[in-house]
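Working through the structure, step by step
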Amino acid sequence: MNPCQLVPASHFTLEQLVEAYNHTRVDYMVPMPMNAARLAEYIHVYDVDMEQSVVAVDGERVLGLAMLGVRPDRAWVTRLGVLPNRRRRGVGEALLLYLLAASDRLGISLVTLDVIKGNLPAHTLFVKWGFHETREMIILRRPPGPPQHTAAGRCRWLSRAEALAVAQTRPRPLTWINDTASLAHADCVLGLTVNLPCGSRGWLVFQKHRYYLTRLTMATVEGDPTAVGRALFYYLYQAYPDIDTNVENVAVTNPHLAAFLDAGFVEAFRRVEMYGQPLHGCGGGPWPGGTVSPSGKARR
Amino acid sequence: MARVLLVEDNPHHVELARRVLAARGYEVLTAPDGESGLQVAREQLPDIILLDLGLPDVDGQTLLGWLRRVPELKDTPIIAVTAWPAGAVPDMVAAYGFDGYITKPIHFSAFADQIATYLPHSASA
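All values reported here derive from a predicted model rather than from experimental measurement.

Looking only at helices and strands, chain A features 8 helices and 14 strands. Taken over the C-alpha atoms alone, chain A extends approximately 70 × 35 × 30 Å along its principal axes. Within chain A, the fraction of its 300 residues that count as buried is 45%. The long-range share in chain A, meaning contacts at least 24 apart out of those at least 6 apart in sequence, stands at 69%.

With that settled, consider the overall build of chain B. Along chain B, the regular secondary structure elements total 5 helices and 5 strands. For chain B, the α and β elements follow one another from N to C terminus as β-α-β-α-β-α-β-α-β-α. Taking 14 Å as the expected radius of gyration for a compact globule of 125 residues, we find that chain B reaches 13 Å, a close match to that expectation. Principal-axis analysis of the C-alpha atoms places the extent of chain B at approximately 30 × 30 × 25 Å. Burial status across chain B gives 38% buried among its 125 residues. Residue pairs at least 24 apart in sequence account for 60% of intrachain contacts in chain B once pairs closer than 6 positions are excluded.

Turning our attention to the sheet that holds strand S2 (residues 27-31) of chain B. Residues and elements named next belong to chain B. Within the open sheet, the 5 strands sit side by side as S2-S1-S3-S4-S5. Their pairing is parallel. Both edges of this open sheet fall to S2 and strand S5 (100-103), since each of them pairs with a single strand only. For this sheet, the mean angle separating the axes of adjacent strands, direction not counted, is 20 degrees. Here helix H3 (residues 60-68) sits on the sheet and contacts strand S1 (3-7), strand S3 (48-52) and strand S4 (78-82); the angle it forms with S3, its principal contact strand, is near 150 degrees.

This part takes up helix H1 (residues 11-23) of chain B. Taking 1.5 Å of rise per residue, 13 residues should cover 18 Å, and H1(B) covers 18 Å from first to last C-alpha, within 8% of that figure. After H1(B) finishes, the residue Gly25(B) shows a positive phi value of roughly 95 degrees.

Residues and elements named next belong to chain A. Along its sequence, chain A is organised into domain 1 (4-130 + 277-299) and domain 2 (139-271). For domain 1 and domain 2, the distance between their C-alpha centres works out to 31 Å. Residue-level contacts link 13 residues of domain 1 with 9 residues of domain 2. Only helix H2 (36-45), strand S3 (61-71) and strand S5 (111-116) provide two or more residues apiece to the side of domain 1 that touches domain 2. It is S5 that contributes the most residues to the side of domain 1 that touches domain 2, 4 residues altogether.

This part takes up the nonpolar core. Ranked by size, the top nonpolar core spans 69 residues in total, and within it Leu232(A), Leu50(B) and Leu51(B) carry the most contacts. Looking at this core element by element, the count peaks at 9 residues for helix H7 (residues 225-239) of chain A. Those residues in contact with Leu50(B) that sit more than four places away from it in its chain are Val4(B), Leu5(B), Leu6(B), Val7(B), Ile79(B) and Val81(B). Counting 49 residues, the second largest nonpolar core, distinct from the first, contains Tyr21(A), Val77(A), Leu113(A) and Leu279(A).

Between chain B and chain A, the residue contacts involve 20 residues of the former and 22 residues of the latter. Elements represented by at least two residues in the side of chain B that touches chain A include exactly H3 and helix H4 (89-96) of chain B. Looking at the side of chain B that touches chain A element by element, the count peaks at 4 residues for H4(B). Within the side of chain B that touches chain A, the residues separate by chemical class into 10 nonpolar, 6 polar and 4 charged.

Moving on, we get to unusual backbone geometry. Glycine aside, residues mostly have negative phi angles, and peptide bonds mostly take the trans form. Along the chain, Arg172(A) connects to Pro173(A) via a cis peptide bond; the corresponding omega equals -5 degrees. Position of Pro173(A) relative to the elements: it lies in the loop between helix H5 (160-167) and helix H6 (180-185). Note that the residue after Lys104(B), namely Pro105(B), is joined by a cis bond; omega there is 0 degrees. Within the secondary structure layout, Pro105(B) lies in the loop between S5 and helix H5 (108-116). Here the phi dihedral of Arg215(A) falls at roughly 55 degrees; this positive angle occurs in a residue that is not glycine. Checked against the element boundaries, Arg215(A) lands in strand S10 (residues 212-222).

Residues and elements named next belong to chain A. Among the 11 residues in S3, 8 count as buried, and that is most of the element. Here strand S2 (residues 54-58) pairs with S3 via 5 bridges, running antiparallel. Residue pairing in the sheet places Val57 in a bridge with Val62 of S3. Between S2 and S3, which pair antiparallel and follow one another directly, the connecting turn spans 2 residues, one of which, Gly59, has a positive phi of 70 degrees. Pairing analysis gives 7 bridges linking S3 to strand S4 (residues 74-82), with the strands arranged antiparallel. Each bridged residue has a counterpart across the sheet, and for Gly64 the counterpart in S4 is Val82.

What follows covers the packing of H1(B) against H5(B). Residues and elements named next belong to chain B. Between H1 and H5, the shortest axis-to-axis distance is 9 Å and the interhelical angle comes to 60 degrees. Between H1 and H5 the crossing geometry is right-handed. In contact with Leu16, Ala17, Val20 and Leu21 of H1, H5 contributes Phe108, Phe111 and Ala112. Taken together, the residues of the contact of H1 with H5 break down into 7 nonpolar, no polar and no charged.

Turning to the confidence of the model for chain A, a few remarks are in order. Confidence along chain A averages 92 in pLDDT terms, with 92% of residues attaining 70 or more. Within the model, the stretch residues 283-300 of chain A combines pLDDT values under 50 with 44 contacts to residues more than four positions away or in other chains.

Rules used in this analysis
Residues numbered from 1 in each chain as written. Chains lettered and ligands numbered in written order. Predicted model: local features only at pLDDT ≥ 70, side-chain atom pairs only at ≥ 80, totals over all residues. Helix = DSSP H or I, 4+ residues; strand = E, 2+ residues; numbered from the N terminus. Buried ≥ 20, exposed ≤ 12 C-beta atoms within 10 Å, placed from the backbone. Contact = placed C-beta atoms within 7 Å. Rg over C-alpha atoms; globule rule 2.2 N^0.38 Å. Pairing = 2+ DSSP bridges. Axes fitted to C-alpha atoms, helices over the stretch in contact; angles between N-to-C directions. Expected span 1.5 Å × (residues − 1). Domains from an automatic or database assignment. Core = buried A, V, L, I, M, F, W, Y, C linked by C-beta atoms within 7 Å. Nonpolar A, V, L, I, M, F, W, Y, C, P; charged D, E, K, R; others polar. Left-handed = near helix turned anticlockwise from the far one by under 90°. pLDDT = per-residue confidence, 0-100.

Printed below as a string of structure tokens:
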């Protein structure tokens, strides 16, 4: 297996990283390409630490990259990708081990990641290094359109501060993308509450992004989740009938899933969340400018 | 001569598609992202639009909504081009109002024929 040099992602411009990232994903079933603005937003919202994130190079040529989100209690492996013609040579493994070693140095005890369901090579790599599945999640889309059902009850709109406060009451653990820390970094976060005649009540928090509604999260405080969900979506789409909606990482066990489907959401694809641990004393990187073999052991 | 707008960020795919379609007599317009795709569509009013669902600034589903708000494009065939998991694609494209979809990897030998099926007879290449 060929060695590669691992360099902190902070040594590269956003434009370089975007170009490399898009090339690594070109044949993915869900490529999710980015431009520099989108990557900058991603880094900000998800607390990606560019010093701990890494790019694999062979001389001047970028072979792959991987990023690490860092929060006080855990880390998140994200955007890991290797050029199609450089796979199966240990580069992905070297990138992963670099991040796991970085997590260890930071004193983090839990490392999480999300892998697209059906991405067997990635899933196999993660299992090899101790990751296990925790939940399956759906990415849902809703095209623009008015509410599909009517609803009774009283609605109250929440300010950003109120919305973040209710979002904080959600039971843990939350996925990285949907965590309150991610919401808190996002612009234009709003929410609403509903109280139904039957006594059911709940709330919904979302981001009004430039292009779509996103980061939807909801909870039923009391009563029937499906009824609460339907009412929340009624008021939401009464207010925003002309905007697309993109919701990531809704757990397949979410009690409001029926309400999502009733409101006109369709499934785009699925992810699987996985939990693992940092790698202790692997002997691997990060050694900026050093070389790491696929086994994770450093070579000088 | 029918005009095809291809909104696709992968330059390799763009070049292959351009060659295949031009050889069949189509005039090929291209745009590498959503915002430029909207601009080209407004200015050129193509006969058919092919949208990659994964674009670097905004995805194809959202772009479709923008395009349909242009009065001159409301009846233009708009086709999703996607590698997304096959099971989810039909419901997705139907919900958003695409006129059809082509799955990736594109079989370029059949690509021009696939596009022809979505064109009104008078606009064919």
